[in-house]
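Commentary on secondary and tertiary structure
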Amino acid sequence: MGLTSRLMEQRSATTTLKDPAKWLVDWFGGSTTSAGMQVTADSARRITAVWAAIKIISESVASLPCFVYKRRPDGKGKDRLPKNPLHSLLHDQPNPWQTSFEWREMMQGHLCLRGNAYSEILYDGRGGIRALVPLHPDRLRVYDLTREGIGEQPLVYEYLPSNGPSRFLFFDEVLHMKGMSDDGLVGLSPIGEFRETLGLSLGTEAYAARFFGNYANPGGVLTHPKTLSKEAVTRLRDQWEQKHMGVENAHKVAILEEGLTWQAIGINPKDSQLIDSRKFSVSEIARIFRVPPHMLADLDRATFSNIEQQSIDFVKNTLRPWLVRWEQRLALSLLTPKERGDGLFIEFNVDGLLRGDIKSRYDAYAVGRQWGWLSPNDVRGLENMNPRDDEDGDAYHEPMNMQSSNDPSEPAPAEPSPGAKP
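An account of the accompanying structure is given in this report.

How each quantity is defined
- Residues numbered from 1 in each chain as written.
- Predicted model: local features only at pLDDT ≥ 70, side-chain atom pairs only at ≥ 80, totals over all residues.
- Heavy atoms only, no water.
- Helix = DSSP H or I, 4+ residues; strand = E, 2+ residues; numbered from the N terminus.
- Contact = heavy atoms within 4.5 Å.
- Pairing = 2+ DSSP bridges.
- Axes fitted to C-alpha atoms, helices over the stretch in contact; angles between N-to-C directions.
- Phe/Tyr/Trp six-rings, centres within 6.5 Å; stacked < 30°, edge-to-face > 60°.
- Buried < 20%, exposed > 50% of the residue type's maximum accessible area, 1.4 Å probe, protein only.
- Lys NZ or Arg CZ within 6 Å of the ring centre and 35° of its normal.
- Patch = residues over 30% accessible without salt bridge, like charges linked within 9 Å, V, L, I, M, F, W, Y side chains within 5 Å.
- Areas by Shrake-Rupley, 256 points an atom, 1.4 Å probe, with all protein chains shown as cover.
- Salt bridge = Lys/Arg side-chain N within 4 Å of Asp/Glu carboxyl O.
- Expected span 1.5 Å × (residues − 1).
- Core = buried A, V, L, I, M, F, W, Y, C linked by side-chain atoms within 4.5 Å.
- Parallel < 35°, antiparallel > 145°, perpendicular 65-115°, else oblique.
- Left-handed = near helix turned anticlockwise from the far one by under 90°.
- Nonpolar A, V, L, I, M, F, W, Y, C, P; charged D, E, K, R; others polar.

Section: the overall build of the protein chain
Across its full length, the protein chain holds 16 helices and 11 strands. Put simply, 60% of the contacts in the protein chain that link residues at least 6 apart link residues at least 24 apart.

Re the sheet that holds strand β1 (residues 66-71)
Strand order across the open sheet formed by three strands is β2-β1-β11, with antiparallel pairing between neighbours. The strands lining the two open edges of the sheet, one partner per strand, are β2 (78-80) and β11 (344-348). Pairs of neighbouring strands in the sheet enclose a mean axial angle of 40°, with direction left out of account. Note: β1 against β2, three bridges, orientation antiparallel. Its bridge partner being in β2, R71 is matched across the sheet by K78.

Some remarks on the packing of aromatic side chains
The geometry of an aromatic ring pair comes down to the distance between the two centres and the angle between the two planes. This structure, assessed with the given rule, holds five aromatic pairs. Aromatic pair Y69 and F345: ring centres 5.5 Å apart, planes at 20°, arrangement stacked. Taken together, the positions of Y69 in strand β1 and F345 in strand β11 put the pair 276 residues apart, joining distant regions of the chain. A relative accessible area of 7% places Y69 in the buried class. Here the aromatic cluster, defined as three or more aromatic residues joined through ring pairs, consists of F67, Y69 and F345. In this structure, R80 packs its charged tip against the face of F67, placed 3.8 Å from the ring centre.

So, a nonpolar patch on the surface
Nonpolar side chains collect at one region of the surface, where V367, W371 and W373 lie side by side and expose about 330 Å² of accessible area between them. Checked against the element boundaries, W373 lands in the loop between α15 (358-371) and α16 (376-382).

Regarding helix α6 (residues 100-114)
Along its 15 residues, α6 runs 21 Å from first to last C-alpha, staying within 8% of the 21 Å computed at 1.5 Å per residue. Most of α6 sits inside the fold, with 11 of its 15 residues counted as buried. Among all positions in α6, only S100, W103, R104, M107, Q108, G109, H110, L111, C112, L113 and R114 are buried. In the segment just after α6, G115 is the residue with positive phi, at about 80°.

Some details on the pairing of strand β6 (residues 156-159)
Residues V156 and E158 of β6 are buried on one face, and the alternating residues Y157 and Y159, pointing to the opposite face, are buried as well. Alignment of strand β5 (residues 140-143) against β6, held across four bridges, turns out to be antiparallel. The residue bridging Y143 from the neighbouring strand is V156, located in β6.

A word on the pairing of strand β4 (residues 129-135)
With six of seven residues buried, β4 is to be regarded as a mostly interior element. Pairing of strand β3 (residues 116-123) with β4 involves six bridges; the strand directions are antiparallel. The residue bridging I121 from the neighbouring strand is L132, located in β4. Turn length for the β3-β4 hairpin, with the two strands adjacent in sequence and antiparallel, is five residues, and the turn residue G127 shows positive phi of about 90°.

Quick word on the sheet that holds β3
One open sheet holds the three strands; their spatial order is β4-β3-β8, and the pairing between them is antiparallel. The sheet is open, and its two edges are formed by β4 and β8 (174-178), each paired on a single side. With direction set aside, neighbouring strand axes in the sheet form an average angle of 25°. Pairing of β3 with β8 involves five bridges; the strand directions are antiparallel.

Describing the nonpolar core
Within the largest apolar cluster, 48 residues are counted, with the highest numbers of intra-cluster contacts made by F289 and W326. At nine residues, helix α13 (residues 304-334) tops the list of elements feeding residues into this core. Core analysis: the next-biggest nonpolar cluster, separate from the first, contains 10 residues, L140, Y157, Y159 and V174 among them.

Description of helix α4 (residues 48-63)
Relative to the 22 Å expected for 16 residues at 1.5 Å per residue, α4 spans 22 Å between its end C-alpha atoms, a close match to the ideal helical length. For α4, the set of buried residues is A49, V50, A53, I54, I56, I57, S58, S60, V61 and A62.

Side note on the pattern of salt bridges
Under the counting rule described, the total for this entry stands at 11 salt bridges. Salt-bridge contacts for K78 lead to E347; the nearest nitrogen and oxygen are separated by 2.4 Å. Within this pair, whereas K78 is found in strand β2, its partner E347 is found in strand β11, the two being separated by 269 residues in sequence. One continuous salt-bridge network, built from bridges that share partners, spans K55, E59 and E105.

Details of the packing of α4 against α6
The interhelical angle for the contact between α4 and α6, taken along N-to-C directions, is 140°, at an axis separation of 8 Å. It follows from the interaxial angle that α4 and α6 lie oblique. Pair α4 / α6 crosses with right-handed handedness. Here I54, K55, I57, S58, E59, V61, A62 and S63 of α4 come into contact with α6, specifically with F101, R104, E105, Q108, G109, C112 and L113. Residue composition of the contact of α4 with α6, by class: seven nonpolar, four polar and four charged.

Re the environment of L111
The topology assignment puts L111 in helix α6. Classification of L111 as buried rests on a relative accessible area of 1%. Sequence-wise, L111 and P190 are 79 residues apart; in three dimensions their C-alpha atoms are separated by 9.0 Å. In contact with L111, other than residues within four places in its own chain, are N116, A117, M177, K178, G179, P190, W322 and W326.

Nothing here speaks to function; it is geometry throughout.
Right, here's the structure in full:
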């Protein structure tokens, strides 16, 4: 039996309609939450806070410069390799129809929503990589052949296209980015893990839409001095709703006849907490994606003094873990063992995101120049300026009181004369 047949048999044995696999449940719309809402990656994306959080993280990762470097033999520095073929793929264009920004934004969006992102690695005839083609995470299944006792390949990916038969890709043919995992094969989907929280948010939004759309909360009671028939009650209610239901009819003047009176009723306390519930949902979503609330337009506890620090915390505590995942996976999947052994690695540059205000930057530059670890050209490079043409552009200051004891310019101690007493 061939590898493909054995894999298909394995998939059928582990997935039944009575006990469907998680991917099959998600494929058909996901399970219903306690709030009565079906939560999938696509429906969760319609929550404004989820959309904003994913956009913030994805666009931040996509906008950062990504370079291929080589460590220097002495281990004390690194050199950028702009002529390396991977540089063009990662920095400019990974495939014929996407820019680097678009590709990385898509991949990071898949990671945030589904916990996994995939791209097929296409090779040229010489063993080099010519393109990275994104694959939708919902259409891939991962098999560990060594655990199943089927073969020696570590992982095999089954791709299920929208039309046509499935096809299998081997480990070295797929760039698989994954979030936190509990089995090492696939990442956990934030949407799946927090389905109830997001279902509550979807339910709150749906209730709010109905509340304001058809004025579901009764603003008062109509009272008639006589007993009305069932038909009269129905006709009166329909006429009243036709004239006063809906946001567009709110606050219109009502004309009451035949002794009808209107008794206003205050808004239900449960409904008065609707806005608070929606704010709580924003905080919960910010917590799920580890995005500062002020970046989701929740400014209740933000001040001018702490927003800058929160933005730096976003880079360190939110972006940095994602970037490390990217860097390590790109190196493992796109660089050969020999290239990694020769010191090649891939790294994002986050310096631009960590820059403070202009006064803080200039004060830091002044300290660096004064104590000798920054040259004028170092400072100009950090400010995205061209280097100076004169030789002093690369000069480093060295404070007199901080000169090395091994400085050859210092006179050597005098040798004692022959016969002198020690």
